[in-house]
Amino acid sequence: MVEQAASGTNLRKKLQRTVRRKKIEAVGLTTPLFCVMLIFYFVPIGLMFYRSIDNSQMREILPATAKAIQQWDGEGLPGEPAYAAMVADMKHAYPNRTLARAGRRLNFDLVGFYSLLLKSGRKVSRLGGPPYKAALIKLDKKWGDPRYWKVLKRGLKNTTLIYLLAALDFRYNDNNRIVGVPDNQAIYRSIIARTIYISLSVTLLCLVIGFPIAYYMATATPRTRNILMILLLLVFWTSLLVRTLSWIVVLQKKGVVNSLLLSSGLVSHPLNLVFNRIGVYIAMTHVLLPFMVLPLYSVMRGIPPHYVRAARSLGATSIVAFIRVYIPQTKAGIGAGSLIVFIQALGYYITPALVGGPKDQMLSYFVAFFVNERVNWSMASALGVMLLVLTGSFYLIFGRRVGITNIKLG
Amino acid sequence: MTTDDFHVRFNRVQKSYDGVTLVVKDLNLNIGKGEFVTMLGPSGSGKTTCLMMLAGFEAPTQGEIVFNGRPINNIPPHKRGIGMVFQNYALFPHMTVAENLAFPLQVRRMSKSETAQKVRRALDMVQMGEFGDRYPAQLSGGQQQRIALVRALVFDPELVLMDEPLGALDKQLREKMQYEIRHIHEQLGVTVVYVTHDQSEALTMSDRIAVFNDGVIQQLASPNDLYERPENSFVAQFIGENNELNGTVVSLNDGIAQVTLDNGEQVFALAVTVEEPDKPALLSIRPERVVINPDETGAAHTIEGHVHELIYLGDHIRCRMTVGGNEQFIVKVPNAANNRRLVVGEHVRVGWTAEDCRAFATLQ
């Protein structure tokens with residue numbers, strides 16, 4: 001008995017040792033990937049989230065005001081200490097050229113703040129001694145307007161929601177309440193809707209075009225199948241930019257398609273096929289088609305022909321057999337392909353930017369716009385967060401339903 | 001019986017997939033109503049192709065297939081009204097068992113109540129009444145097989161085709177299902193065309209068996225005739241176990257051939273396809289028909305055998321010996337009380353009646 005017990009614990013130890021070794025091996029194998037993901041994926045995404053709400057630089061530009069304004073209850077106008085702190089901060093920030101940055105940031109919340117700060121900054125050195133409250137209001141009567149002080153108090157917190165709110169067409173009103181922006185200024189909600197609409201349309205087009213291709217590939221002889229597969233993957237051998245630009249060549253007014261249509265007499269005037277929605281659909285469908293065909297093909301390859309035969313022998317016409325027996329079995333492929341295409345389409349930038357018109361630009365275009373033209377990283381980040389949330393929620397809602405993890409490519 | 005009385009008739013049917021070789025060569029086969037006919041043969045012998053032509057999934061290159069008195073060459077599969085059980089069952093994975101069974105009724109636009117009633121009756125026929133809501137993946141192999149079987153029967157076809165339906169089952173279940181299929185056939189009186197490469201399955205179930213090889217029916221006969229009276233060496237080899245001996249015909253007398261074996265010994269055999277003396281012949285004899293140390297009265301002759309190996313199998317002993325130059329000559333010795341035990345290395349006399357040994361002509 002004693003011996004048995006001893007060997008029992010021994011066995012457990014041995015087992016633990018092997019299990020531990022397996023674990024260490026697994027961790028060792030995945031560590032490089034994990035590090036790469038951490039550095040190039042999770043950290044940037046985390047920074048983007050942070051960027052979209054970060055407001056700390058305002059406190060660095062106007063440190064004294066940030067401190068003094070905390071004492072103010074937000075009703076009416078603040079007292080003399082806040083005005084004095086503002087004057088001191090402006091005296092310091094204006095020569096350092098950081099005041100303009102604060103002005104731009106506050107202008108985002110309340111138009112007019114930029115000019116107010118620059119004008120005051122220019123003149124603040126000429127002000128006499130205290131009290132400053134009356135002096136500043138005399139310098140510009142906006143300093144006597146409580147709205148500006150409310151914006152300033154909100155703008156000097158460590159974090160701000162104004163960018164995220166703006167990305168959804170919301171803003172703070174004068175009473176610090178979140179309200180929708182006036183209809184004539186609202187753009188982002190319609191851009192998000194447009195992004196979803198274009199992505200859905202492209203997904204549908206890819207499905208309609210890709211399904212027959214995948215079906216043909218799955219049923220063709222190995223030779224034909226290989227040729228089709230190469231043709232399909234050929235798309236990946238040229239750069240996205242080249243492919244998109246060649247669509248412009250093909251689709252423009254004097255391009256190949258229009259010349260063919262004109263010479264064949266089908267149309268009397270050249271069609272507008274590019275720099276509009278049609279061009280976006282054509283180019284995006286072309287680029288994303290393989291991502292629809294491959295999962296569909298992979299699922300279809302796994303469907304033996306005897307199901308359709310069985311349906312036929314049971315009395316179904318070929319069409320009924322196809323619809324009731326074949327298509328339901330491709331559901332996983334349809335789901336996975338659609339999800340991959342849709343999610344990729346949501347983030348498309350280059351293609352709509354090149355072949356689309358102003359009304360065909362998607363969310364990513366505005367991310368780039370805020371980075372490149374406005375140098376407003378916070379707004380770009382906020383839009384990026386919206387895109388990420390959008391993509392993530394579609395994945396969570398539909399990804400599990402279609403069982404995307406069951407799909408193997410090839 | 002005139003030709004029109006047959007339920008299914010293959011009339012000079014040929015099939016080629018590539019335009020060069022014929023998979024099915026000049027097939028003629030008549031199947032009576034209510035008959036259970038099995039197409040038996042090695043893989044690639046054309047039996048499945050024949051079944052597919054009958055089902056309508058392949059078109060004959062030449063010839064005519066007649067079903068219920070009318071040619072069906074140009075009738076698409078769904079209009080033939082022929083039930084079919086597939087090798088891998090082909091139960092639709094996205095439908096429940098009940099939906100699978102209802103499918104052939106729905107596409108025939110049968111009313112809902114009638115469909116439900118027929119589905120119920122079909123499930124009861126195989127004692128699976130409570131499985132209607134399950135999906136095929138939730139059933140065992142035998143259960144899937146039963147559902148596939150009743151699905152092919154639920155729309156009351158007069159003809160059911162079965163393409164190696166029991167191939168995926170283990171031995172015990174296979175034997176059980178063989179009886180079940182046989183009973184359903186007797187109960188419903190449908191005509192069954194069954195394809196298999198398993199000869200014991202064919203012998204168990206069929207009224208008649210068509211042995212296929214190389215695109216040709218080698219023999220069409222009842223199981224009993226096929227086993228006892230094979231018409232050529234292929235059938236003799238394919239059905240059951242057989243010992244082969246090579247020799248030359250010496251004389252023919254009243255259907256009995258006297259044959260000199262390659263080692264010079266003389267035996268008698270039933271002349272099946274040998275027609276004249278001095279021609280080479282292949283003798284075929286079943287292991288259980290060989291008698292060890294025969295009393296001279298029963299056997300036509302005795303020849304020498306040299307025992308190499310004994311395998312104890314309980315009810316009989318399998319003995320490998322050299323007989324007439326064949327080192328792989330097998331004899332099944334019944335494990336009876338009065339039989340003497342053989343010893344390895346021993347020389348014994350073996351013999352058989354001329355009727356048990358069949359002589360076939362061979363090519364030079």
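> Pulling in residues and values, what's your account of the nonpolar core?
Of all hydrophobic cores here, the largest spans 109 residues; its most connected members are A:Met284, B:Phe10, B:Leu54, B:Phe92 and B:Leu161. With 14 residues, helix α14 (residues 277-301) of chain A is the largest single contributor of residues to this core. With near-sequence residues (within four places) excluded, B:Leu161 lies in contact with B:Leu51, B:Leu54, B:Ala55, B:Ile82, B:Gly83, B:Met84, B:Val85 and B:Val193. In this structure, A:Met86, A:Leu110, A:Val124 and A:Trp149 belong to the second largest nonpolar core, which totals 30 residues.

> Break down the domain arrangement of chain A for me, with residues and values.
All names here are of chain A. In terms of domains, chain A is made up of domain 1 (1-51), domain 2 (58-157) and domain 3 (188-402). Distance from the C-alpha centre of domain 1 to the C-alpha centre of domain 3: 40 Å. Domain 1 puts four residues into the contact, and the matching count from domain 3 is six residues. Between domain 1 and domain 3, a total of about 500 Å² is buried, with carbon and sulfur atoms accounting for 79% of that surface. Contact with domain 3 buries surface across domain 1, with Met 48, Phe 49 and Arg 51 losing the most and accounting together for 91% of the total. Taken together, the connections running from domain 1 to domain 3 amount to zero residue pairs in polar contact (both at pLDDT 80 or more). Within the side of domain 1 that touches domain 3, the residues separate by chemical class into three nonpolar, no polar and one charged.

> An account of the domain arrangement of chain B is needed here, citing residue identities and associated values.
A common way to state how big an interface is: give the accessible area lost once the parts meet. Residue and element names in this part refer to chain B. Looking at chain B, the domain boundaries give domain 1 (3-235) and domain 2 (241-361). A separation of 39 Å is found between the C-alpha centroids of domain 1 and domain 2. Taken residue by residue, the interface counts eight residues in domain 1 and eight residues in domain 2. For the pair domain 1 and domain 2, the summed buried area comes to about 710 Å², and 42% of that belongs to carbon and sulfur atoms. For the domain 1 face of the interface with domain 2, the top three residues by lost area are Tyr 227, Pro 230 and Ser 233, together amounting to 60%.

Thresholds applied
- Residues numbered from 1 in each chain as written.
- Chains lettered and ligands numbered in written order.
- Predicted model: local features only at pLDDT ≥ 70, side-chain atom pairs only at ≥ 80, totals over all residues.
- Heavy atoms only, no water.
- Core = buried A, V, L, I, M, F, W, Y, C linked by side-chain atoms within 4.5 Å.
- Buried < 20%, exposed > 50% of the residue type's maximum accessible area, 1.4 Å probe, protein only.
- Helix = DSSP H or I, 4+ residues; strand = E, 2+ residues; numbered from the N terminus.
- Contact = heavy atoms within 4.5 Å.
- Domains from an automatic or database assignment.
- Buried area = accessible area lost by both parts, 1.4 Å probe.
- Polar contact = N/O pair within 3.5 Å; in protein donor to acceptor, adjacent residues only side chain to side chain.
- Nonpolar A, V, L, I, M, F, W, Y, C, P; charged D, E, K, R; others polar.

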